[in-house]
Amino acid sequence: LQREKETKKVAKRMDSSLNWMSGWAKLKTEQEQFRPGVTAMAVREPPRTMVDALEELPTGTPEIFLAYIQRDINCLAEESLSVRLTSLQKLQRLLVLQVESLATDIIDAVMDALLKPLLKRMKDRSEKCRECAVKILRSLVENTSDLSAALPYIFPSLVGRLGSEDLDGVAHLPEIMRPDPEQKPTEIAQPVEESEEVRLQLGHFVASLLLRCSPTQIYAYIDEATGLIRAQAMDPFHEVKALACDTMISFCYNHTEMLLHFALPLARSLTSSLTHNHAKIRIGALKAVTACLWCGVWKHNFEIFQVLMAWQDPNKVPIKAFYEGVTNVNYMSTLSFDRHPAVRRFWFETLAHWMLRCVDKVDLEPYIAPYLLTGLCDENEEIALEVFWLIEKIGEAYEAEKEEDLRKTKQYGFDYTWTYGGRASVPFPLQGIWAGGKLDHARRRGARGPDFLGHKALTEHHHRELLDDAGEEEEEERLGTPLELPRRDYCWPDCRGLEVFPRLPRPRLGARSWVRTHSRRYIKATFNDVVDFRDCTALNAGRLLCMSVAYTEEGVTEWLQPMLAALTKFYSGRAWAAGDTRAMQTYGAVCKQLGAFLEPSAMWAQLRAALDAECAMDLDQRIASMRILAMSLEGHVEVLQSIQPPDPELKMGQLEPVIPELIEAMHNSDLLLSPTPESREVMWSVLFSFLEPLGAFLTEM
């Protein structure tokens, strides 16, 4: 059979008259590639709206005003960046720069219409759009009449943009498994909002929002409000930190009662500001910490001080300490030795302000006293002088507070025996430098009991705290011309009228009693640092010890034995061998003060064993004991020389029973025959400490 041939089908072709449509498919494909939202963002020209057409919009009613800006409100949702930005700039010109010309009802209507679109623009891809949106929201919040309806939307949006929902990173853990918060300075490493300028505008927005909210509204959003402030305080941008400190200060003073349990988290967020490179930030952080102390009264203030002092319970060790090194930062010590004089000055003024104004200062005094005494040895003499007069002001307040306890001391004219009836004086060792032997220093009048028999005229009666031979009017002349302190806007009110004189008298009774009360808490720990192998630690411990002895005076007898043991280790150890001039000067002042304030017989009883050949101490320790004895004798001799008016009948005073025994013990001591030159040198120093000034009285023995 013959196979039939298959016919080939003719393909369908477009009529030649329709060839002009053949490029449609290709054109459509190219348009889809450049469609907005698919692969690229379309660029459109911003539309011309009613805001552009009119110089001044009608503001008769809210409806009319909204009708004129409705087109720009709609443009906020456009995909084009230029359209959104142009509309935001138009709204910013109307609602920020010209907001004072708008009525309150118009602003309320605009707030209702613009709130959600603007909150969405806070997450815009464009930094400029986000900044404009925040500025407009801030202006609306500041000028609207009621925020109640907007707060449920504003606070969650701010928490999301500032990342303050879980700053400690422990919200996902059960409460029993949450570790203690970090004590070291903490900052947010990667903020949610990357732009520093936008974060600064958010900070201004938060400050305005918290100022506008009523106490009831703050109470409803207290967690969010404190979290926002904490996040800003831990922001890496310094301007945001400064703004956060100001916001925290106003927030704490305005809502003190409801922030009782938030005082500690707020204060802990300031740790990075306390160690910031800018002095302005550190000063602002101190003011913010003071505001936090007003919120945690009698409850959490001590916990705040635990963070500042790096205190840690010795029976509680964090788990990570078993696997890595754990260090803490003593912020109070860091501020006491801050590199900027303005910060140190304000820090010591802040300590005094806490002592004068804090309600629960009885819990804080033992921990503040040593740092305030440290200021007396500041390298800037003007700051050290100011600290002295700040302590005098604290002593004055202490006298008023403890009037019943000090009443008998004042009325019956009690004073220590070293003053020889109020006639002797010891200049104050400012900066740890012995200032004895000066006859022109300021002297306070000796204490006198009541004149019941009327032997003295009424004009001869005086107050014990006045300067010698000076009335209340002449007191300033004896102290010298007051120093002119720098004028500062951030200075505490208690310190603005403070007069700082260059010449220092004996500390007043209240100041001595205040330091003596609290020195018991730290004095024994100071003895351990005296023998520390680090020169800086030994120097700072010696300065604190010197200031404590200057205020405690004869009360230091309570710790005489451990103090002499520590001083002996110092003069026989590595610290003395290092030859640090400042340390030698400071510890020399300590030894001379001991000789001035304590009875020589007590010092001799503790140190006489060093002259005995059968003494159990090493040669270095014996030489160190004799060196301490020589300087203590010099101190008491200068007390005798300071007696006014001079009393020839007093002769050697309290040294009279000690000098003969001392000479006999030196004559029989083996230190005179010691082969080392140090022993013979120290024996000569002991002899010359009293031989020249008291030589006239030795011939009469």
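Residues numbered from 1 in each chain as written. Predicted model: local features only at pLDDT ≥ 70, side-chain atom pairs only at ≥ 80, totals over all residues. Heavy atoms only, no water.

Looking at the packing of helix α30 (residues 619-641) against helix α32 (residues 677-698)
Step number 1: With their axes 9 Å apart at the nearest point, α30 and α32 run at an angle of 10° to one another. Classified by the angle between their axes, α30 and α32 sit roughly parallel to one another. Along the contact surface, α30 presents Ile-623, Met-626, Arg-627, Leu-629, Ala-630, Leu-633, Glu-634, Val-637, Leu-640 and Gln-641, while α32 presents Glu-678, Ser-679, Val-682, Ser-685, Val-686, Ser-689, Phe-690, Pro-693 and Leu-694.
Step number 2: Across the contact of α30 with α32, the residue classes tally to 12 nonpolar, four polar and three charged. (Axes fitted to C-alpha atoms, helices over the stretch in contact; angles between N-to-C directions. Helix = DSSP H or I, 4+ residues; strand = E, 2+ residues; numbered from the N terminus. Parallel < 35°, antiparallel > 145°, perpendicular 65-115°, else oblique. Contact = heavy atoms within 4.5 Å. Nonpolar A, V, L, I, M, F, W, Y, C, P; charged D, E, K, R; others polar.)

What to know about a nonpolar patch on the surface
Step number 1: On the surface, Tyr-253, Trp-294, Trp-298, Val-359 and Val-362 cluster together into a nonpolar patch covering about 500 Å² of accessible area.
Step number 2: Residue Tyr-253 is classed as partly exposed on the basis of its relative accessible area, which comes to 38%. (Patch = residues over 30% accessible without salt bridge, like charges linked within 9 Å, V, L, I, M, F, W, Y side chains within 5 Å. Areas by Shrake-Rupley, 256 points an atom, 1.4 Å probe, with all protein chains shown as cover. Salt bridge = Lys/Arg side-chain N within 4 Å of Asp/Glu carboxyl O. Buried < 20%, exposed > 50% of the residue type's maximum accessible area, 1.4 Å probe, protein only.)

Digging into helix α8 (residues 196-212)
Step number 1: Compared with an ideal rise of 1.5 Å per residue, which puts 17 residues at 24 Å, α8 spans 25 Å between its outermost C-alpha atoms and is within 8% of the ideal.
Step number 2: For α8, the tally of buried residues reaches 12 of 17 residues, placing the bulk of the element in the interior.
Step number 3: Where α8 is concerned, the buried positions are Val-198, Arg-199, Leu-200, Gln-201, Leu-202, Gly-203, Phe-205, Val-206, Ala-207, Ser-208, Leu-209 and Leu-210.
Step number 4: Buried positions along α8 lie against α6 (127-143), α7 (151-162), α9 (215-220), α10 (222-233) and α11 (238-254). (Expected span 1.5 Å × (residues − 1).)

Regarding the pattern of salt bridges
Step number 1: Summed over all chains, the structure comprises 29 salt bridges.
Step number 2: The closest approach of N and O atoms between Asp-52 and Lys-90, which form a salt bridge, is 2.5 Å. Of the two residues, Asp-52 is situated in helix α2 (residues 50-53) and Lys-90 in helix α4 (residues 81-97); the sequence distance between them amounts to 38 residues.
Step number 3: Residue Asp-235 pairs with Arg-199 through a salt bridge whose shortest N-O separation is 2.7 Å. Taken together, the positions of Asp-235 in the loop between α10 and α11 and Arg-199 in helix α8 put the pair 36 residues apart, joining distant regions of the chain. Like Asp-235, the residue Arg-199 is buried in the burial classification.
Step number 4: One network of salt bridges, with partners in common, ties together Asp-52, Asp-72 and Lys-90.

Looking at the environment of Met-122
Step number 1: For Met-122, the location among the structural elements is in the loop between α5 (104-121) and α6.
Step number 2: Considered as a pair, Met-122 and Ala-133 are 11 residues apart in the sequence and their alpha carbons are 6.1 Å apart.
Step number 3: Setting aside its immediate chain neighbours within four residues, Met-122 contacts Arg-130, Ala-133, Val-134, Leu-137, Ser-157, Leu-158, Arg-161, Glu-193 and Leu-202.

Remarks on the nonpolar core
Step number 1: With 201 residues, the main nonpolar core has Ile-69, Leu-95 and Leu-376 as its most contacted residues.
Step number 2: In terms of residue count, α30 provides more of this core than any other element does, 11 residues in total. (Core = buried A, V, L, I, M, F, W, Y, C linked by side-chain atoms within 4.5 Å.)

Thoughts on the side chain of His-518
Step number 1: Checked against the element boundaries, His-518 lands in helix α23 (residues 509-518).
Step number 2: Residue contacts for His-518: discarding those within four places in its chain leaves Glu-365, Pro-366 and Ala-369.

Concerning the packing of aromatic side chains
Step number 1: Going through the model one piece at a time under the given rule, you end up with 14 aromatic pairs.
Step number 2: Considering the side-chain rings of Trp-418 and Phe-597, the 4.9 Å spacing of their centres and the 70° angle between planes classify their relative orientation as edge-to-face. With Trp-418 in the loop between α20 (403-411) and α21 (475-479) and Phe-597 in helix α28 (residues 581-597), this residue pair connects regions lying 179 residues apart in the sequence.
Step number 3: Following the ring pairs from residue to residue traces out a cluster consisting of Phe-388, Trp-389, Phe-428, Phe-501 and Tyr-551. (Phe/Tyr/Trp six-rings, centres within 6.5 Å; stacked < 30°, edge-to-face > 60°.)

Some thoughts on unusual backbone geometry
With glycine set apart, most residues show a phi of negative sign, and most peptide bonds adopt trans.
Step number 1: In this model, Gln-644 is joined to Pro-645 through a cis peptide bond whose omega is -10°.
Step number 2: Position of Pro-645 relative to the elements: it lies in the loop between α30 and α31 (658-668).
Step number 3: If you check the backbone angles, Lys-651 has positive phi at about 55° while not being a glycine.

With respect to α30
Step number 1: Under the 1.5 Å per step criterion, the end-to-end length of α30 is 33 Å for 23 residues, consistent within 8% with the ideal 33 Å.
Step number 2: Most of α30 is tucked away: 18 of the 23 residues are buried.

Re the confidence of the model for the protein chain
Step number 1: The pLDDT averaged across the protein chain works out to 85; a share of 87% of its residues lies at or above 70.
Step number 2: When mean pLDDT is taken per element in the protein chain, α11 scores highest with 96 and helix α1 (residues 24-33) scores lowest with 47.
Step number 3: Counting interchain partners and residues more than four positions distant, the pLDDT-below-50 stretch residues 1-5 has zero contacts.
Step number 4: The model gives residues 26-43 a pLDDT under 50, and that stretch makes eight contacts with residues more than four places away or in other chains. (pLDDT = per-residue confidence, 0-100.)

Examining the environment of Leu-662
Step number 1: Along the chain, Leu-662 turns up in helix α31.
Step number 2: When the C-alpha positions of Leu-662 and Arg-608 are compared, they lie 7.9 Å apart, and in sequence the two are 54 residues distant.
Step number 3: In contact with Leu-662, not counting residues within four places along its chain, are Trp-604, Leu-611, Leu-629, Leu-633, Val-686 and Phe-690.

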